[in-house]
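Listed here are the chains, written in short residue letters.
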Amino acid sequence: MVTVGILALQGAVREHARSLEASGAEVKLIKRVEELKDIDALVVPGGESTTMRRLIDKYEMFGPLQEFAKSGKPMFGTCAGLILMAKEIIGQEHGHLEVMDIKVHRNGFGRQRESFEIPLNVDGMEGDEDYIGVFIRAPYIESVGSDVKVLATFQDKVVAAQQGRFLCCAFHPELTDDHRMHGYFVKMAEEYKNELHNVSK
């Protein structure tokens, strides 16, 4: 069993935990730097990206999170988590963690009152049913680097993508009873752990 951490500074932490556990992972809530060493993968949840960055800086987690990404361990950013992981943010001089080669538009689909749900065809999801994307103050990805795989689009805008062991989506997969996005990420974590085990033999 893999241990997946959730950056528990803000956002729908319990909902992510529910989906991860339903996907077969052990879950650990991450509130301190030293807890990062105990996990195989990390979810960076939604919330408000500017507030989350302030909390990351307050708890001196910025550098350790970048090191976590450099170590090769999988990371999954949802909504604001996607913004934190992006290399470029439209309207800002710099990104935050800058671990994915994507350019994002904050609040690209509008404000809170313009939230919506829409069926999506997400590449890699098991089953024939569409995935219901819940968009709340959602960003979108305006452009991706050459080694970034687009997993889902809506209105010609990228809303889910993967770059190696980094996964992101503009919607909130934790707010549905469809655990396939979390299952996809747990599988990424399992593959990473198996590779480490094989190397250490």
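The following refers to the structure shown. (Residues numbered from 1 in each chain as written. Predicted model: local features only at pLDDT ≥ 70, side-chain atom pairs only at ≥ 80, totals over all residues. Heavy atoms only, no water.)

### What to know about the nonpolar core
Here is a general trend for soluble globular proteins: nonpolar side chains tend to be buried in one another's company. Spelled out, the test is: Each nonpolar core is a collection of buried residues, namely Ala, Val, Leu, Ile, Met, Phe, Trp, Tyr and Cys, held together in the definition by side-chain atoms within 4.5 Å. For each residue, the accessible area found with a 1.4 Å probe, counting protein chains only, is set against the maximum for its type, and the residue is called buried under 20%, exposed over 50%, and partly exposed in between. Here a strand is any run of E in DSSP of at least two residues, a helix any run of H or I of at least four, and the numbering for each starts at the N terminus. Residues count as neighbours in contact if any of their non-hydrogen atoms are within 4.5 Å of one another.
Core analysis: the biggest nonpolar cluster contains 67 residues, and Leu42, Met75, Ile102, Val159, Phe171 and Met181 have the highest contact counts within it. Of all the elements, helix 5 (residues 180-200) adds the most residues to this core, at 6 residues. Setting aside chain neighbours within four positions, we find Leu42 in contact with Gly5, Ile6, Leu7, Ile30, Leu36, Leu65, Phe68, Pro74, Met75, Phe76 and Phe185.

### Some details on the pattern of salt bridges
Between side chains of opposite charge, a pair can form when the charged atoms approach closely. Let me state the cut-off plainly: The working definition used for a salt bridge is a side-chain nitrogen of Lys or Arg within 4 Å of a carboxyl oxygen of Asp or Glu.
Applying the stated rule across the entire model yields 11 salt bridges. With a shortest N-O distance of 3.6 Å, Lys193 and Asp40 are connected by a salt bridge. Taken together, the positions of Lys193 in helix 5 and Asp40 in the loop between strand 2 (26-30) and strand 3 (41-44) put the pair 153 residues apart, joining distant regions of the chain. Between Glu195 and Arg165 there is a salt bridge whose closest N-O contact spans 2.3 Å. Placement of the pair is Glu195 in helix 5 and Arg165 in the loop between strand 11 (157-163) and strand 12 (166-169), with a sequence separation of 30 residues. Since its relative accessible area comes to 44%, Glu195 is described here as partly exposed. Under the relative-accessibility criterion, Arg165 is labelled partly exposed at 29%.

### Considerations on the packing of aromatic side chains
Threshold: Only Phe, Tyr and Trp rings take part, Trp by its six-membered ring, and two of them pair if their centres are within 6.5 Å. Stacked means planes under 30 degrees apart, edge-to-face means over 60, and tilted covers everything else. Charges are assigned to positions over rings by a cutoff of 6 Å between ring centre and Lys NZ or Arg CZ, combined with an angular limit of 35 degrees from the ring normal.
On inspection of all chains with the given rule, the structure shows 10 aromatic pairs. With 5.4 Å between their ring centres and 75 degrees between their planes, Phe109 and Phe135 make a pair best called edge-to-face. Here Phe109 is found in the loop between strand 6 (100-105) and strand 7 (116-120), whereas its partner Phe135 is found in strand 8 (residues 131-135), with 26 residues between them in sequence. Comparing Phe109 with Phe135 shows no difference in burial state: the two are buried. Through a chain of ring-to-ring contacts, the aromatic side chains of Phe109, Phe116, Tyr131, Phe135, Tyr140, Phe154 and Phe171 assemble into a single cluster. Over the ring of Phe62 we find Arg53, and its NZ or CZ is 4.1 Å from the ring centre.

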